[in-house]
Amino acid sequence: MTASVETLSSSPTTVKALTSASGVEAWHVESDVVPLIAVSFIFEGGSAHDPADKPGVAQMLARLLDEGAGEYDSDAFQERLAGRAIELSFNAGNDAIGGSLKTLVKHADEAFDLLRLALVEPRFDQDAIERVRAQTIAGLRYQQNDPGVMATRRFFEEGFAGHAYGLPTSGTPESVAAITRDDLIAMHRAMIARGRVKIAVVGAISSENLSVLLDKVFGSLPEAKALSVIEPTGLQKIGSRIVVDLDVPQSVIRFGTPGIAWRDPGFIPAYVLNHIYGGGSFTSRLFQEVREKRGLAYSVGTSLVSYRAASMTWGYTATKNERVVECLDVIASEMMRLKEEGPSDEELQKAKDYLTGSYALGFDTSTKIAHTLAQIAFEGLGIDYIGRRNALVASVTQADIRKAAERIFGDGKMLTVIAGRPTGL
């Protein structure tokens, strides 16, 4: 095993880059504060690689990985987890299948062994498949009456039409019903492989002991084969307003403009700009103008969305049907006012102060640290990113904000989807 240590004086944690005897790489934070070990891992892949006629395979796979593995059926596997208070979960998004493990140090050997079984030897028993299928379909049918879900789904269908990102990651009742055990096995073979995983481990374990456990789990995986290429794309139909007709008194609104990816050098200025525009919970311009001054909505906000092959600035709110037009006008006018005039110097400084001051709050548990490190590794931002991040935020200038606003806000047009029966559009 080899290990290099990156000492970060301005970082809330010290991260080691560890390579095990068999070549498994991980980022490691050793901490003896509590007798716990937290693991986060992310495999490149995800729902974007679902068969075009069967969206939902990756998410169904993630739900089945801990539904029996090796010699243990679903009940026996869950009993072994519960008997040692081991927390194990999996998830799937557009670009990745990930998971997390949390265990007491004294149960580490068994916890890592159960993780190995889930990743390397999932059973995919037919009764488990049918149970998860039924749960998934029931949830999808229930969501068909949820205005927020319907607006979001239509937004992606229109914004990424003809692209893998436009397909519903959870699938549809019809596509989930058609998923076979062979589909799940094929997805598992394609995604869960060495060379495609980023791993972060935080807790009371030495590098030497961790190396052995990493080899046990991830060293057992097959070597990765090339995945199909997800072609880069951008948000489409900008300038369109699309209505999903639902008989509800309040319309749910989803809106979006182009974005900047996390890996882009312009991301940090865009992040600060977004905080000023709609990202700050109670301080953003949209919160003040839409909720506080006009009472148009209870909540409103925006965030930067960064996928492997696309990025966007994404927003949400909900308002009475008769006030939809007014609400959209305010959202657009604040966008253009911020682009043309920029924030005040005081406004910019307050945003930077908040974003730098609150950053350490994301590192108050081992699980949060492991998750953040795995995400940073997945994005290829470097092991020293946590230590550099606040300096990057603090250095953002008015000129940087103007450049970000030009890229994100453009001419002020948005793709807007409204679920409800808005009047006056």
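Just so it is clear, the structure is predicted and the values come from calculations on it, not from any experiment. (Residues numbered from 1 in each chain as written. Predicted model: local features only at pLDDT ≥ 70, side-chain atom pairs only at ≥ 80, totals over all residues. Heavy atoms only, no water.)

**Q** Talk me through the overall build of the chain; I want residue IDs and the actual numbers.
**A** Broken down by element type, the chain carries 15 helices and twelve strands. Overall, the C-alpha framework of the chain stretches about 60 × 55 × 35 Å when taken along its three principal axes. A burial count over the chain gives 52% of its 425 residues as buried. Nonlocal contacts in the chain, meaning residues at least 24 apart in sequence, comprise 80% of its contacts between residues at least 6 apart. About 18,600 Å² of surface is accessible on the chain, with carbon and sulfur atoms providing 50% of the total. A gap of 3 Å separates the mean positions of the 44 positive and 53 negative side-chain charges of the chain. (Helix = DSSP H or I, 4+ residues; strand = E, 2+ residues; numbered from the N terminus. Buried < 20%, exposed > 50% of the residue type's maximum accessible area, 1.4 Å probe, protein only. Contact = heavy atoms within 4.5 Å. Areas by Shrake-Rupley, 256 points an atom, 1.4 Å probe, with all protein chains shown as cover. Lys, Arg positive; Asp, Glu negative; His and termini not counted. Charge placed at Lys NZ, Arg CZ, Asp CG, Glu CD.)

**Q** Go over the packing of aromatic side chains with me, naming the residues and quoting the values.
**A** Within the structure shown, the criterion is met by 15 aromatic pairs. Aromatic pair Phe 156 and Trp 314: ring centres 5.7 Å apart, planes at 50 degrees, arrangement tilted. Of the two residues, Phe 156 sits in helix 5 (residues 147-159) while Trp 314 sits in strand 11 (residues 311-320), which places them 158 residues apart along the sequence. For the pair formed by Phe 156 and Trp 314, the shared burial category is buried. Every member of this aromatic cluster is reached through a ring pair, and the members are Phe 155, Phe 156, Phe 160, Tyr 165, Tyr 307 and Trp 314. (Phe/Tyr/Trp six-rings, centres within 6.5 Å; stacked < 30°, edge-to-face > 60°.)

**Q** I'd like a rundown of the UniProt feature "domain: Peptidase M16 C-terminal" (unreviewed entry) in the chain, residues and numbers included.
**A** Mapped onto this numbering, the UniProt entry annotates "domain: Peptidase M16 C-terminal" (unreviewed entry) at residues 179-354. Helix makes up 40% of residues 179-354 and strand 22%, whereas the separation of the span's terminal C-alpha atoms amounts to 46 Å. (UniProt positions renumbered as here; feature names shortened; annotations may be inferred.)

**Q** Please provide a residue-by-residue account of the nonpolar core, values included.
**A** The biggest cluster of nonpolar side chains holds 56 residues, and the ones touching the most others in it are Val 272, Leu 273, Tyr 277, Val 290, Ile 331, Leu 373 and Phe 409. The residue makeup of this core includes at least three contributed by each of domain 1 (16-219) and domain 2 (241-420). Ala 69, Phe 90, Phe 124 and Ile 205 belong to the second-largest nonpolar core, a separate cluster that totals 55 residues. (Core = buried A, V, L, I, M, F, W, Y, C linked by side-chain atoms within 4.5 Å. Domains from an automatic or database assignment.)

**Q** An account of the sheet that holds strand 12 (residues 415-420) is needed here, citing residue identities and associated values.
**A** Pairing within the open sheet is mixed, and its five strands lie in the order 8-12-9-11-10. Here the strands that pair on one side only, and so sit at the sheet edges, are strand 8 (241-245) and strand 10 (300-306). Averaged over all pairs of adjacent strands, the angle between strand axes in this sheet comes to 20 degrees, irrespective of strand direction. With five bridges joining them, strand 9 (residues 250-258) and strand 12 adopt antiparallel strand pairing. Along strand 12, the bridge assignment pairs Val 252 with Ala 419. The strands touched by helix 9 (residues 267-279) are strand 9, strand 10 and strand 11; relative to strand 10, the strand with the most contacts, the crossing angle is about 160 degrees. (Pairing = 2+ DSSP bridges. Axes fitted to C-alpha atoms, helices over the stretch in contact; angles between N-to-C directions.)

**Q** If you had to explain the pairing of strand 5 (residues 87-92) to someone new, which residues and values would you point to?
**A** As a general feature of sheets, a regular strand has side chains that alternate between the two faces. The alternating pattern of strand 5 places Leu 88, Phe 90 and Ala 92 on a buried face and Glu 87, Ser 89 and Asn 91 on a face that is not buried. Here six bridges tie strand 5 to strand 6 (residues 96-104), and the two strands are oriented antiparallel to one another. Paired with Asn 91 across the two strands is Gly 98, which belongs to strand 6. Counted along the chain from strand 5 to the antiparallel partner strand 6, the turn is three residues long.

**Q** How would you explain unusual backbone geometry if you had to name every residue and give the values?
**A** At Ala 85, a residue that is not glycine, the phi angle is positive and equals roughly 55 degrees. Relative to the elements of secondary structure, Ala 85 occurs in the loop between helix 2 (74-83) and strand 5. Phi is positive for Lys 237, which is not a glycine, with a value near 55 degrees.

**Q** An account of the side chain of Asp 183 is needed here, citing residue identities and associated values.
**A** With respect to the element layout, Asp 183 can be found in helix 7 (residues 181-191). Only 2.7 Å separates the side chain of Asp 183 from the side chain of Lys 54, close enough to count as a polar contact. For Asp 183, the contacting residues outside a window of four places in its chain are Lys 54, Val 57 and Ala 178. (Polar contact = N/O pair within 3.5 Å; in protein donor to acceptor, adjacent residues only side chain to side chain.)

**Q** Help me get a handle on helix 4 (residues 126-143), residues and values and all.
**A** Taking 1.5 Å per residue, 18 residues should reach 26 Å; helix 4 reaches 26 Å between its end C-alpha atoms and fits that length. Restricting attention to buried positions, one finds in helix 4 the residues Ala 128, Ile 129, Val 132, Arg 133, Thr 136, Ile 137 and Leu 140. Along the axis of helix 4, the buried positions cluster into a sector of 155 degrees, meaning they face one direction only. For helix 4, exposure combined with an orientation more than 90 degrees from the buried face picks out Asp 127, Arg 141 and Tyr 142. Taken together, the buried residues of helix 4 touch helix 1 (57-64), helix 5, helix 6 (173-178) and helix 7. (Expected span 1.5 Å × (residues − 1). Arc of directions from axis to C-beta.)

**Q** Residue-level account of the confidence of the model for the chain, with values.
**A** Per-residue confidence for the chain gives a mean pLDDT of 94; residues scoring 70 or more make up 97%. Every residue in residues 1-10 is under pLDDT 50, and counting partners more than four places away or in other chains gives 27 contacts. (pLDDT = per-residue confidence, 0-100.)

**Q** Outline the packing of helix 1 against helix 7, supporting the account with residue identities and numerical values.
**A** Their axes nearest at 10 Å, the elements helix 1 and helix 7 cross at an angle of 85 degrees. Overall, the two elements helix 1 and helix 7 adopt an arrangement that is roughly perpendicular. For the pair helix 1 and helix 7, contact is made by Val 57, Ala 58, Met 60, Leu 61 and Leu 64 and by Asp 183, Leu 184, Met 187 and His 188, respectively. Classifying every residue of the contact of helix 1 with helix 7 gives seven nonpolar, one polar and one charged. (Parallel < 35°, antiparallel > 145°, perpendicular 65-115°, else oblique. Nonpolar A, V, L, I, M, F, W, Y, C, P; charged D, E, K, R; others polar.)

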